[in-house]
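Here is how the chains run, residue by residue.
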Amino acid sequence: NVELSTAIDSFRIKASSAAAPSSAAFPYTLTINEQDDIQFDAVAASSNPITFMAGGSIRLNSALATQGDLTITATRQSSGPTTTFRVSAPISTTVGRIAITADDVFVSNSLRVTAAALDPVQDDITLTATGGSITLAGGIKAVNNLRLVQSNLSSTVAGKVGGLALIAATNIDIVAEG
């Protein structure tokens, strides 16, 4: 297990491999708790959960193909600017779930859960904008459900859910204030 509290601008991780040949990703649990903004330039696949938390914005610059859960949370500090999550490369997991939370969520490439067990009540992908918009410009694929939750920052600053995206899921649940 790797758990780091950081105050850095960018992050790159490479995992080892098992001694015996295996099709499974190396089983490590990764938790990064960043003090403010961070960008991830490379993240190795894992069969265990990967969690990124930041007291600012998060940007994923490289593809991430993993097998476990992926949780990404960009939290606005009390007096700080709004946070943004941006991804410009594909993100996928085979059997895990993807949960992304920030004030604004921008997905300009694909998000995919490819082989989750069929479960009509499971949200494979959850995108939450806590004070802005969800903008989708890539393919979104979930075996089970996709959930999009958008909240406004204030009564005078309305966000939205939109974009040009191809979405495939058993069920799509959209809850939006904007």
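Now for a look at the structure at hand. Just so you know, these numbers come straight off a predicted model, no measurement behind them. (Residues numbered from 1 in each chain as written. Predicted model: local features only at pLDDT ≥ 70, side-chain atom pairs only at ≥ 80, totals over all residues. Heavy atoms only, no water.)

**Focus on the environment of T94**
Thought 1: Note on placement: T94 falls in the loop between strand 10 (91-93) and strand 11 (98-102).
Thought 2: Sequence-wise, T94 and S151 are 57 residues apart; in three dimensions their C-alpha atoms are separated by 29 Å.
Thought 3: With sequence-adjacent residues up to four places away left out, T94 is seen in contact with T66, Q67, V113, T114, A115 and A116. (Helix = DSSP H or I, 4+ residues; strand = E, 2+ residues; numbered from the N terminus. Contact = heavy atoms within 4.5 Å.)

**Remarks on the packing of aromatic side chains**
Thought 1: Per the stated rule, a full pass over the model turns up 2 aromatic pairs.
Thought 2: Considering the side-chain rings of F11 and F40, the 5.6 Å spacing of their centres and the 70° angle between planes classify their relative orientation as edge-to-face. Here F40 lies in strand 4 (residues 38-42) and F11 lies in strand 2 (residues 10-12), a separation of 29 residues in the sequence.
Thought 3: When its relative accessible area of 11% is taken as the criterion, F11 is described as buried.
Thought 4: We classify F40 as buried; its relative accessible area is 1%.
Thought 5: Measuring from centroid to centroid gives 3.9 Å for F40 and F52, while their planes differ by 15°, and the two rings are stacked. With a gap of 12 residues between them, F40 in strand 4 and F52 in strand 5 (residues 50-54) connect regions that are remote in the sequence.
Thought 6: Grouping aromatic residues by their ring pairs yields a cluster made of F11, F40 and F52.
Thought 7: The positively charged end of R86 is found above the aromatic ring belonging to F106, 4.1 Å away from the centroid. (Phe/Tyr/Trp six-rings, centres within 6.5 Å; stacked < 30°, edge-to-face > 60°. Buried < 20%, exposed > 50% of the residue type's maximum accessible area, 1.4 Å probe, protein only. Lys NZ or Arg CZ within 6 Å of the ring centre and 35° of its normal.)

**Focus on the sheet that holds strand 10**
Thought 1: Taken in spatial order, the 5 strands of this open sheet run 7-10-13-16-19, and their pairing is parallel. A single partner strand is all that each edge strand has here, and the edge strands are strand 7 (64-66) and strand 19 (167-168).
Thought 2: Relative to strand 16 (residues 140-141), strand 13 (residues 111-113) runs parallel, the two sharing 2 bridges. Among the inter-strand pairings, R112 is bridged to a residue of strand 16, identified as K141. (Pairing = 2+ DSSP bridges.)

**A look at the sheet that holds strand 8 (residues 70-74)**
Thought 1: Strand order in the open sheet formed by 8 strands is 1-3-5-8-11-14-17-20, with parallel pairing between adjacent strands. Looking along the sheet, the strands with just one partner apiece sit at the ends: strand 1 (2-6) and strand 20 (171-176). When the angles between neighbouring strand axes are averaged without regard to direction, this sheet yields 5°. (Axes fitted to C-alpha atoms, helices over the stretch in contact; angles between N-to-C directions.)

No statement about biological role is implied by the geometric values presented.
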